[in-house]
Amino acid sequence: MVTRGSTCALSAPFAFLGSDYDDELKKVYTQTKTSDIAVERNLLSGMLGDSMADTTPLKKLIRKYITDDVIAAIGREYKKGRRLFVGTVNLDAGRAVIWNIGAIANSNYPEKADLIREVLRASAAIPVAFPPVLFNVEADGKIYDEMYVDGGTGSQVFVYLAEVNWKQITKKLKVKGKPKVYIIRNSFLDPDYNGVIPSVMPIASRSIDSLIRTQGVGDLYQIYALCERDGNDFNLAYIPADFTEKPKEGFDPVYMTDLYDYTYKMAVNGFPWKKGPPGFIRK
């Protein structure tokens, strides 16, 4: 089972499909630049519209990588019992929505390829920065549209819902051994010092960064608590504080390549997975 949300959702299909798609995964991660994702709108257009940028380039990028062959491969893995979940948020309802991408890929729905690509775009639709994605739905014979945005608006990282009784599932399926949960948080989790200029935009930017970081830490504590409750083995990776490179743009290929190389070297001799969330001390 692979779960992803936010801008990491584009890499999820390749992580799910495994080592045959490592080249595609590396390209997505290290060769994508800001202009491949979005085109900035002028301030007036942004304020009067639904976002500050146009993500038509992202739509083209998703179509380039998430081909019909990739979708067919996801469908085949679904039939083997494997699952790929992508998180979004229904902004109208104010709730998280998790899409079963494998089930869609394995379905007979004629527009499944476009639906999957739009779900991935919605999962990366950072509110205000990027435009939301509208999906048409039918209820009581009437057609409505629902507005979907970045999965990180609901949770920065997720594995499964708290309502799921994982012990019951593993017992029912006669699973041998202890289920392992691996969380890769593509972010810094340690607080850092960065003097803030006393102006509205720097204060807002720093506050949002802090909110996202602490929300992510909270999500990790919830996942850890679920693992402890259900007998799952918790393993966590995140960007260490001693990686000090700085991106020069929102999506900086040079920065991402440096980060890729840094973590690759960490993994060569066996990646040092953390056995608890940041700040947690086992007794």
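These figures come from a predicted structure and were not determined experimentally.

Participant: Kindly report on the overall build of the chain, identifying the contributing residues and their values.
Facilitator: Looking only at helices and strands, the chain has eleven helices and nine strands in total. At 20 Å, the chain has a C-alpha radius of gyration in line with the 19 Å of a compact globule built from 283 residues. Once the C-alpha set of the chain is aligned to its principal axes, its extents read approximately 60 × 55 × 35 Å. Burial statistics for the chain: of 283 residues in total, 38% are counted as buried. The long-range share in the chain, meaning contacts at least 24 apart out of those at least 6 apart in sequence, stands at 68%. Computed over 37 positive and 34 negative side-chain charges, the separation of the two mean positions in the chain equals 8 Å.

Participant: Talk me through the nonpolar core; I want residue IDs and the actual numbers.
Facilitator: Among the nonpolar cores identified, the biggest contains 37 residues, and Ile74, Trp99 and Ile101 are the most heavily contacted of them. At the level of elements, α1 (12-17), α5 (56-65), α6 (68-79), β4 (84-90), β5 (95-100), α7 (101-105), α8 (112-123) and β6 (133-139) are the ones that each hand at least two residues to this core. By residue number, the principal contributor to this core is α8, which donates five residues. Sequence-distant contacts of Ile74, defined by excluding residues within four places in its chain, comprise Pro13, Phe16, Leu17, Leu84, Ile101, Gly102 and Ala105.

Participant: For the pairing of β4, give the residues involved together with the corresponding values.
Facilitator: The element β4 is extensively covered by neighbouring structure, given that seven of its seven residues are classed as buried. Residue alternation in β4 divides its side chains into two sets, Leu84, Val86, Thr88 and Asn90 and Phe85, Gly87 and Val89, and both sets are buried. By the bridge criterion, four bridges tie strand β1 (residues 2-5) to β4 in an arrangement that is parallel. When the sheet's bridge partners are listed, Arg4 is paired in β4 with Val86. Where β4 folds back on β5, the antiparallel hairpin that results is connected by four residues, among which Gly94 adopts a positive phi of roughly 65 degrees. Where β4 meets strand β7 (residues 142-150), three bridges bridge the pair, whose relative direction is antiparallel. Directly across from Thr88, in β7, lies its bridge partner Asp150.

Participant: Pulling in residues and values, what's your account of the environment of Glu24?
Facilitator: With respect to the secondary-structure elements, Glu24 resides in helix α2 (residues 22-30). Note on Glu24: relative accessible area 28%, which makes it partly exposed. Separated by 71 residues in the primary sequence, Glu24 and Arg95 have C-alpha atoms spaced 32 Å apart. Not counting chain neighbours up to four residues away, the residues in contact with Glu24 comprise Phe14 and Tyr65.

Participant: Explain the side chain of Glu118 to me, using residue names and the numbers behind them.
Facilitator: Note that Glu118 resides in helix α8. Residue Glu118 is classed as buried on the basis of its relative accessible area, which comes to 17%. Aside from chain neighbours lying at most four places away, what touches Glu118 is Lys59, Val133 and Phe135.

Participant: Explain unusual backbone geometry residue by residue, including any values.
Facilitator: Residue Asp140 is not a glycine yet carries a positive backbone phi of 55 degrees. By secondary structure assignment, the location of Asp140 is in the loop between β6 and β7. Overall, Asp140 belongs to the exposed group, its relative accessible area being 81%. Phi at Lys174 takes a positive value of approximately 55 degrees, unusual for a residue other than glycine. Secondary-structure assignment places Lys174 in the loop between α9 (166-172) and β8 (180-188). Lys174 sits in the exposed class, given a relative accessible area of 69%.

Participant: Can you lay out a nonpolar patch on the surface for me, pointing to particular residues and giving the numbers?
Facilitator: There is a patch of nonpolar side chains on the surface, built from Ile169, Leu173 and Val175 and spanning about 250 Å² of accessible area. Its location among the elements puts Ile169 in helix α9.

Participant: I'd love a proper account of the packing of α5 against α8, names of residues and values included.
Facilitator: Each pair of packed helices can be summarised by the angle the axes make with each other and by the distance between the axes. At a minimum axis distance of 10 Å, the contact between α5 and α8 shows a crossing angle of 130 degrees. As summarised for this structure, α5 and α8 are arranged oblique, according to the angle between their axes. As α5 packs across α8, the resulting crossing turns out to be right-handed. The residues of α8 that touch α5, namely those facing Leu58, Lys59, Ile62 and Arg63, are Asp114, Arg117, Glu118, Leu120 and Arg121. A per-class count over the contact of α5 with α8 returns three nonpolar, no polar and six charged.

Participant: Tell me what's going on with the side chain of Arg4, and back it up with residues and numbers.
Facilitator: Its place among the elements puts Arg4 in strand β1. Not counting the four nearest positions on each side in its chain, Arg4 is found in contact with Ala9, Ser11, Ala12, Ala15, Phe85, Val86, Gly87 and Phe158.

Parameters at a glance
- Residues numbered from 1 in each chain as written.
- Predicted model: local features only at pLDDT ≥ 70, side-chain atom pairs only at ≥ 80, totals over all residues.
- Heavy atoms only, no water.
- Helix = DSSP H or I, 4+ residues; strand = E, 2+ residues; numbered from the N terminus.
- Rg over C-alpha atoms; globule rule 2.2 N^0.38 Å.
- Buried < 20%, exposed > 50% of the residue type's maximum accessible area, 1.4 Å probe, protein only.
- Contact = heavy atoms within 4.5 Å.
- Lys, Arg positive; Asp, Glu negative; His and termini not counted.
- Charge placed at Lys NZ, Arg CZ, Asp CG, Glu CD.
- Core = buried A, V, L, I, M, F, W, Y, C linked by side-chain atoms within 4.5 Å.
- Pairing = 2+ DSSP bridges.
- Patch = residues over 30% accessible without salt bridge, like charges linked within 9 Å, V, L, I, M, F, W, Y side chains within 5 Å.
- Areas by Shrake-Rupley, 256 points an atom, 1.4 Å probe, with all protein chains shown as cover.
- Salt bridge = Lys/Arg side-chain N within 4 Å of Asp/Glu carboxyl O.
- Axes fitted to C-alpha atoms, helices over the stretch in contact; angles between N-to-C directions.
- Parallel < 35°, antiparallel > 145°, perpendicular 65-115°, else oblique.
- Left-handed = near helix turned anticlockwise from the far one by under 90°.
- Nonpolar A, V, L, I, M, F, W, Y, C, P; charged D, E, K, R; others polar.

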